[in-house]
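# Residue-level structure breakdown
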Amino acid sequence: LIYPNPTSEILHLKTNSHIENLEIYSMLGQKIISQTNNSVTAEVDVSILQTGSYIIKVSTENKTEVQKFVKQ
């Protein structure tokens, strides 16, 4: 679960498994943010990002998911 979407400052994540790593990419495939975590929840400060669409890749203990989000 990724919320709120669209977001302006903080992107919240919640999963059923521990989040090991998360990465945010531009729509051109450039890695912009990378952070490690060891919880079922995470917060990412996206206030530095320009307005637009981005991809977030979240790796948990047993899978990796990719979702799109919008920065306002």
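Presented here is an overview of the structure given in this document. Residue positions are given per chain, counting from 1 as you read along its sequence in written order. In keeping with the model being predicted, local features are shown solely for residues with a pLDDT of at least 70 and side-chain atom pairs are shown and tallied solely at 80 or more, while totals for entire chains, interfaces and linings include all residues. Heavy atoms throughout the structure, all of them, feed into the side-chain values; hydrogens and water do not.

## Structural notes on the pairing of strand β4 (residues 52–60)
In terms of strand pairing, strand β2 (residues 10–26) meets β4 through 7 bridges, oriented antiparallel. Looking at the pairing, I19 lines up with T60 of β4. Here β4 runs beside strand β5 (residues 64–71); their pairing, made up of 8 bridges, is antiparallel. The residue bridging V58 from the neighbouring strand is E65, located in β5. Hairpin connection, β4 to β5: the antiparallel pair is bridged by 3 residues. One bridge is not enough; two strands pair if DSSP finds at least two bridges between them. A run of H or I in DSSP counts as a helix once it spans at least four residues, and a run of E counts as a strand once it spans at least two, with each numbered from the N terminus.

## Quick look at the nonpolar core
Note on terminology: a nonpolar core comprises buried Ala, Val, Leu, Ile, Met, Phe, Trp, Tyr and Cys residues joined through side-chain atoms within 4.5 Å. Each residue is placed in one exposure class: buried if its accessible area under a 1.4 Å probe, protein chains only, is under 20% of its type's maximum, exposed if it is over 50%, and partly exposed if it falls in between. Counting 15 residues, the largest nonpolar core has L13, L22, I24, V44, I56 and F69 as its most contacted members. When contributions to this core are tallied by element, the ones reaching two or more residues are β2, β3 (31–45) and β4. Sort the elements by how many residues they give to this core and β2 lands first, with 5 residues. Contacts are residue-level and defined by heavy atoms, with any inter-residue pair within 4.5 Å sufficient. Each residue touching V44, except ones within four places of it in the same chain, is listed here: E9, I10, L11, L13, L22, I24, I33 and Q35.

## Notes on unusual backbone geometry
Most peptide bonds take the trans form, and the phi angle of most residues other than glycine is negative. Residues Y3 and P4 are joined by a peptide bond in cis, for which omega reads -15 degrees. Tracing the sequence through the fold places P4 in the loop between β1 (2–3) and β2. Geometrically, the link from N5 to P6 is a cis peptide bond, its omega value of 10 degrees lying close to zero. Secondary-structure assignment places P6 in the loop between β1 and β2.

## A short note on the pairing of β3
As defined by bridge partners, β2 adjoins β3 across 11 bridges and the pair is classed as antiparallel. Bridge pairing in β3 links I19 to S39. Taking the residues that link successive antiparallel strands as the turn, the β2-β3 hairpin has 4 residues, and the phi of G29 there is positive, at about 90 degrees.

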